[in-house]
Amino acid sequence: MHHTSPARRVFLVANAAFLCLLAVLCFLPLVHVLAVSFSESAAVAAGQVTFWPVDFTLKSYDFIISRPEFMRSFVITLERVLLGTAINMLLTIMIAYPLSKDVRTFRMRTFYVWIFVFTILFAGGLVPWYMTIKYTGLLDSVWALVIPGAVPVFNVILLLNFFRGLPKELEESCFIDGAGHLRTLWTIYVPLSLPGLATVGLFTIVGHWNAWFDGLILMNKPEHYPLSSYLQTIIINFDFSHVKQEDLYKLASISTRTSKAAQIIVGALPILLAYPFLQKYFVKGIVLGSVKE
């Protein structure tokens, strides 16, 4: 029977306690925002709401769902996530596969790897980035939110390391049977790399969903803002001039604080729902993709 030393047991208990405390500290702010979103405005203004709703109500959610600006930005974000994830994943796979080969198979591998690494260490700056997007005609379109970040280099490095960990015998058997590199990639590498693909896919989805700065810079009209950009504008500076007369009556029965809390919850909900389904792949994918050279 395996014996655990007292020092080891103390470490395990302390480590578990620390991680539980950290999880609670991360979770409690979300619980508080959720409680505020379901509470009456008077209770929120009086500071009575902590982690449980006071005078439960759905008025805040009714207000935000009925606002066309919120739903429009939500649809734009869905479009961005679908397009951006598809493009990012396709390019990540197509780039990671050749870069995962050794120098004997792909002689220029090291050269191209350093080109991609260089882009992580050095950037052209905000102004050249904006001017490039402007003069390519992408401003004020969903493509401005998708094309500039089409190749996430960190994801490429993670996935190429994952590819390098797969058995070489599988690839060799495919070549013996007459398959080329493209067929080998899509019939062998991709199906066997679900943990790695789920990991980079989660990074991509969360990155597109939470991005707000590029929306503010690249969209000339507020109605073209993605959800995170829209939420950033109303949470930092709520503009009553854009609120309709019928919305003012609803705001009188709720408050800007409860409506902001409800919009934060609705904005975060899709990611909160998607993460549990990808979490089982996430840990395995990021560990296996990071320990290889």
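This section reports on the structure supplied with the text. Since the model is a prediction, treat every value here as computed from it, not as a measurement. By convention here, each chain's residues receive numbers from 1 onward along its written sequence. Since the coordinates come from a predicted model, pLDDT governs what is reported: local features require at least 70, and pairs of side-chain atoms require 80 or more to be given and counted, while whole-chain, interface and lining totals use all residues. Values reported for side chains reflect all heavy atoms of the structure, with hydrogen atoms and water molecules removed beforehand.

### Description of the packing of helix α8 (residues 153-164) against helix α11 (residues 194-210)
Helix-helix packing: each pair is described by the crossing angle between the helix axes and the interaxial distance. For clarity, the cut-off: Between the N-to-C directions of two axes lies an angle of 0 to 180 degrees, each axis being a line fitted to C-alpha atoms and, for a helix, fitted only over the stretch in contact. Counting from the N terminus, the helices are the DSSP runs of H or I reaching at least four residues and the strands are the DSSP runs of E reaching at least two. Angular relationships are summarised with four words: roughly parallel below 35 degrees, roughly antiparallel beyond 145, roughly perpendicular across 65 to 115, and oblique for the angles in between. Contacts are assigned to residue pairs with any non-hydrogen atoms lying within 4.5 Å of each other. Amino acids are sorted into nonpolar (Ala, Val, Leu, Ile, Met, Phe, Trp, Tyr, Cys and Pro), charged (Asp, Glu, Lys and Arg) and polar (every other residue, Gly among them).
The N-to-C vectors of α8 and α11 enclose an angle of 175 degrees; their axes lie 9 Å apart at closest approach. One element, α8, and the other, α11, form an angle in the roughly antiparallel class. Two secondary-structure elements touch here, α8 through Phe154, Asn155, Leu158, Leu159 and Phe162 and α11 through Pro195, Gly196, Leu197, Thr199, Val200, Phe203 and Thr204. Along the lines of polarity and charge, the residues of the contact of α8 with α11 split into eight nonpolar, four polar and no charged.

### Re the side chain of Glu171
Within the secondary structure layout, Glu171 lies in helix α9 (residues 168-176). Other than its neighbours up to four places away in sequence, Glu171 contacts Tyr97, Lys101, His181, Thr184 and Tyr189.

### Side note on the packing of aromatic side chains
Note on aromatic pairs: each is described by the distance of the centres and the angle between the planes. Filter applied, for reference: Two aromatic rings from Phe, Tyr or Trp, using only the six-membered ring of Trp, form a pair when their centres are within 6.5 Å; if the ring planes differ by under 30 degrees the pair is stacked, by over 60 it is edge-to-face, and anything between is tilted. Three labels apply to residues, based on accessible area from a 1.4 Å probe with only protein chains included: buried if under 20% of the type maximum, exposed if over 50%, partly exposed otherwise in between.
Inspection of every chain in the model, using the stated rule, returns twelve aromatic pairs. Look at Phe38 and Phe56: their rings are 5.1 Å apart centre to centre, the planes differ by 15 degrees, and that puts the pair in the stacked class. Remark: Phe56 occurs in the loop between α2 (41-45) and α3 (59-66) and Phe38 occurs in the loop between α1 (6-37) and α2; sequence separation between them is 18 residues. The exposed category is assigned to Phe56, whose relative accessible area is 56%.

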